[in-house]
Amino acid sequence: MPPSGAAASRLKNISATLSIPLVVVRRGDEAAIRGPRQENPMRYMIIVKATAESEAETTPAPDEALLAAMAAYHEELARAGVLLDASGLKPSSQGWRIRYDGSTRSVIDGPFAETKELIAGYTLIQVRSREEALEWSRRYPNPAGEGIATEIEVRPLYELEDFAPSDAIERFKTIGLPE
């Protein structure tokens, strides 16, 4: 059901600045909701860098104001039909790495010392252009909290079309990876 009243007015204002239609996307029925497949859609990952605080996990979640800002932002992404996934990551102390050395694999348990190399969360979007991804990423709430210096990183994902046709690429297509 489409929004009405103030929500519809807000969506109309948002849609005037975006190059894609504002529709809700639900997993499992994306094609039916979005309509015809976009020509050359591009996926981008908005990466939130880890900090000493996020690695220490002094609290399990950011403060309420930041959570509210993140919820509002991600709701806008969902209404615009560009949100594919988003999540925060637990500290590296709860993870591990696999080191490859020739044919040998070894497990290295966290935590990992260099927080600048770690990520604390991500948002995955699918848009029509780099410019649209830039529009959305500029609106991303400050993950450290208002007034605190930090940065996010935005990177495009490879699409299967970026690779030369091959049997291996066809195998990826048959397992349902986005094209």
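Parameters at a glance
Residues numbered from 1 in each chain as written. Predicted model: local features only at pLDDT ≥ 70, side-chain atom pairs only at ≥ 80, totals over all residues. Heavy atoms only, no water. UniProt positions renumbered as here; feature names shortened; annotations may be inferred. Helix = DSSP H or I, 4+ residues; strand = E, 2+ residues; numbered from the N terminus. Buried < 20%, exposed > 50% of the residue type's maximum accessible area, 1.4 Å probe, protein only. Contact = heavy atoms within 4.5 Å. Salt bridge = Lys/Arg side-chain N within 4 Å of Asp/Glu carboxyl O. Pairing = 2+ DSSP bridges. Axes fitted to C-alpha atoms, helices over the stretch in contact; angles between N-to-C directions. Arc of directions from axis to C-beta.

An unreviewed UniProt entry lists the protein chain under the name YCII-related domain-containing protein, from Zoogloea oryzae. In its Sequence similarities (unreviewed entry) section, the UniProt record describing the protein chain reads: "Belongs to the YciI family."

(A) Here's a closer look at the overall build of the protein chain. A count of helices and strands for the protein chain gives 6 helices and 6 strands. Here the protein chain holds 179 residues, and the buried ones make up 28% of them. For the protein chain, contacts bridging at least 24 residues in sequence account for 73% of all contacts bridging at least 6.

(B) Looking closely at the pattern of salt bridges. By the definition in use, this model includes 5 salt bridges. A salt bridge links Glu153 to Lys49; its shortest N-O distance comes to 3.1 Å. Here the residue Glu153 occupies a position in strand 6 (residues 152-156), and Lys49 occupies one in strand 1 (residues 42-49), the gap between them amounting to 104 residues. In this structure, Arg155 engages Glu153 in a salt bridge whose closest nitrogen and oxygen atoms are separated by 3.7 Å. For Glu153, a relative accessible area of 26% translates into the label partly exposed. Overlapping salt bridges bring together Lys49, Glu153 and Arg155 as one network.

(C) Inspection of the sheet that holds strand 2 (residues 83-88) at higher detail. Strand order in the open sheet made by the 4 strands is 2-5-1-6, with antiparallel pairing throughout. With partners counted over all chains shown, the strands left at the sheet margins are strand 2 and strand 6, one partner each. Pairwise comparison of adjacent strand axes, ignoring direction, gives a mean angle of 15° for this sheet. By the bridge criterion, 8 bridges tie strand 1 to strand 5 (residues 119-127) in an arrangement that is antiparallel. Each bridged residue has a counterpart across the sheet, and for Ile47 the counterpart in strand 5 is Tyr122. Sitting on the sheet, helix 4 (residues 64-80) touches strand 1, strand 2 and strand 5, and the angle it makes with strand 2 is about 160°.

(D) Geometry of the pairing of strand 4 (residues 104-109). When you tally the buried positions in strand 4, you get 0 out of 6 residues, a small fraction of the element. The turn joining strand 3 (residues 96-101) and strand 4, which pair antiparallel and follow one another in sequence, is formed by 2 residues; a positive phi near 65° is taken by Gly102.

(E) Structural context of helix 5 (residues 130-138). For helix 5, the set of buried residues is Glu132, Ala133, Trp136 and Ser137. When helix 5 is viewed along its axis, its buried side chains cluster within an angular range of 135° and face the same direction. Seen from the buried face of helix 5, the exposed residues on the opposite side, beyond 90 degrees, are Arg130, Glu131 and Arg138. Structurally, helix 5 contributes buried residues whose contacts are with strand 1, helix 4, strand 5 and strand 6.

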